Amino acid sequence: MTTTKVFIVYYSLYGHVETMAREIQRGANAVQGVEATLWQVPETLSDVILQKMKAPPKADDVPDIRPEQLLEADGFVFGFPSRFGVMAAQCKAFFDATNELWGTQALAGKPAGIFWSTGFHGGGQELTALTAVTQLAHHGMIYVPLGYTFGSGMFEMNEVKGGSPYGAGTYAADGSRQPTELELKQAFYQGKYVAEIAKKLKHNPLEP
């Protein structure tokens, strides 16, 4: 049986999205026959700006991705922090650079999920997801929401938990809050869920 390749493509400034991405990768790799790899969206801010923002160094074990490399994957999970209710500009710049792929609809039919980080409840937990779906739609990708398949974890009311039926999420607050155990469990589940769907589609492709 051929390997199903799932790319977890993310941008993370302070590490919250990266932490979620690694858990999503673990979940995807838990599916037999799936190979999930991490990729970073290229940074657009200068080193001077990053230093002034007190941003930690980027993960040195995760390479930057080029738009044309998306062709190698059978499925995706895209992650980003929210900026005023939409994905960070670095991710938008990356999607803007996929114009040639859009022109040929080379990514059409490939499944893709999304995950994110926001500062607080009103920081775009659902708006960030909703506005990100437009990128997938124009490429003809198949958006894979979680729905309520995560079960009881979706109805947790005794603790703060990011995420929604649109995908896994976390809260960063002032930057000091890290993803909780429950948020990481949802991220793991999302990786597994999207990987299983990507595997099914690869071995039972849609009829043209």
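Residues numbered from 1 in each chain as written. Predicted model: local features only at pLDDT ≥ 70, side-chain atom pairs only at ≥ 80, totals over all residues. Heavy atoms only, no water.

Student: Describe the overall build of the protein chain, listing the residues and the values that go with them.
Tutor: What the protein chain contains, in helices and strands, is six helices and seven strands. For the protein chain, the α and β elements follow one another from N to C terminus as β-α-β-α-β-β-α-α-β-α-β-β-α. Computed over C-alpha atoms, the radius of gyration of the protein chain comes to 16 Å, within 12% of the 17 Å expected from 2.2 N^0.38 for 208 residues, which places it in the range of a compact globule. Taking the principal axes of the C-alpha coordinates as reference, the protein chain spans close to 50 × 40 × 30 Å. Counting the 208 residues in the protein chain, one finds 48% classified as buried. Across the protein chain, the fraction of contacts at a sequence separation of at least 24, relative to all contacts at a separation of at least 6, is 76%. As displayed, the protein chain has an accessible area near 10,200 Å², and 57% of this comes from carbon and sulfur atoms. (Helix = DSSP H or I, 4+ residues; strand = E, 2+ residues; numbered from the N terminus. Rg over C-alpha atoms; globule rule 2.2 N^0.38 Å. Buried < 20%, exposed > 50% of the residue type's maximum accessible area, 1.4 Å probe, protein only. Contact = heavy atoms within 4.5 Å. Areas by Shrake-Rupley, 256 points an atom, 1.4 Å probe, with all protein chains shown as cover.)

Student: Please give an account of the pattern of salt bridges that cites residues and values.
Tutor: Under the criterion given, the structure shown has ten salt bridges. Glu43 is the salt-bridge partner of Lys58, the closest N and O atoms lying 2.9 Å from each other. Pair noted here: Lys58 is in the loop between α2 (47-52) and β3 (75-83) and Glu43 is in the loop between β2 (34-40) and α2, with a separation of 15 residues, a long-range link. A residue is classified by how much of its surface remains accessible, and Lys58, at 31% relative accessible area, is partly exposed. (Salt bridge = Lys/Arg side-chain N within 4 Å of Asp/Glu carboxyl O.)

Student: An account of a nonpolar patch on the surface is requested, with residue identities and associated values reported.
Tutor: Side chains of Tyr14, Ile49 and Met53 sit close together on the surface and give an oily, nonpolar patch of about 250 Å² of accessible area. If you trace the backbone, Met53 turns up in the loop between α2 and β3. Exposure remark for Met53: the relative accessible area of 32% places this residue in the partly exposed category. (Patch = residues over 30% accessible without salt bridge, like charges linked within 9 Å, V, L, I, M, F, W, Y side chains within 5 Å.)

Student: Explain helix α6 (residues 181-203) to me, using residue names and the numbers behind them.
Tutor: With 23 residues, α6 should cover 33 Å at 1.5 Å per step; its first-to-last C-alpha distance of 33 Å lies within 8% of that length. Residues of α6 that are buried: Leu182, Glu183, Gln186, Ala187, Gln190, Gly191, Val194, Ala195 and Ala198. Taken together, the buried residues of α6 touch β1 (4-10), α1 (16-29), β2, β3, β5 (111-118) and β7 (169-171). (Expected span 1.5 Å × (residues − 1).)

Student: For the environment of Gly109, give the residues involved together with the corresponding values.
Tutor: Counting through the fold element by element, Gly109 comes out in the loop between α4 (99-104) and β5. Of the residues examined, Gly109 reaches a relative accessible area of 28% and is grouped as partly exposed. With 73 residues separating them along the chain, Gly109 and Leu182 place their C-alpha atoms 31 Å apart. Those residues in contact with Gly109, other than ones at most four positions away along the chain, are Gly140, Met141, Ile142 and Leu201.

Student: Before we move on, can you summarise helix α5 (residues 127-139) with the specific residues and values?
Tutor: Thr128, Ala129, Ala132, Gln135, Leu136 and His139 are the residues of α5 that are buried. Projected down its long axis, α5 carries its buried residues within an arc of 105 degrees, all on one side. Exposed positions of α5 whose direction lies more than 90 degrees from the buried face are Ala137 and His138. Those residues of α5 that are buried are in contact with β3, β4 (86-87), α3 (89-96), α4, β5 and β6 (142-143). Backbone geometry just after α5 places Gly140 at a positive phi near 80 degrees. (Arc of directions from axis to C-beta.)

Student: Just give me the short version of the UniProt feature "domain: Flavodoxin-like" (unreviewed entry) in the protein chain, but keep the residues and values in it.
Tutor: Per the UniProt record, "domain: Flavodoxin-like" (unreviewed entry) is found at residues 6-194. Split by type, residues 6-194 is 32% helix and 19% strand. Its first and last C-alpha atoms lie 9 Å apart. (UniProt positions renumbered as here; feature names shortened; annotations may be inferred.)

Student: Give me the pairing of β3: which residues, what numbers.
Tutor: Of all nine residues that make up β3, eight are buried, and the element is covered over most of its length. Sheet topology places β1 next to β3; five bridges connect them, and they run parallel. Bridging from a neighbouring strand, Phe7 pairs with Phe76 of β3. Pairing between β3 and β5: six bridges, direction parallel. Bridge pairing in β5 links Gly79 to Phe115. (Pairing = 2+ DSSP bridges.)

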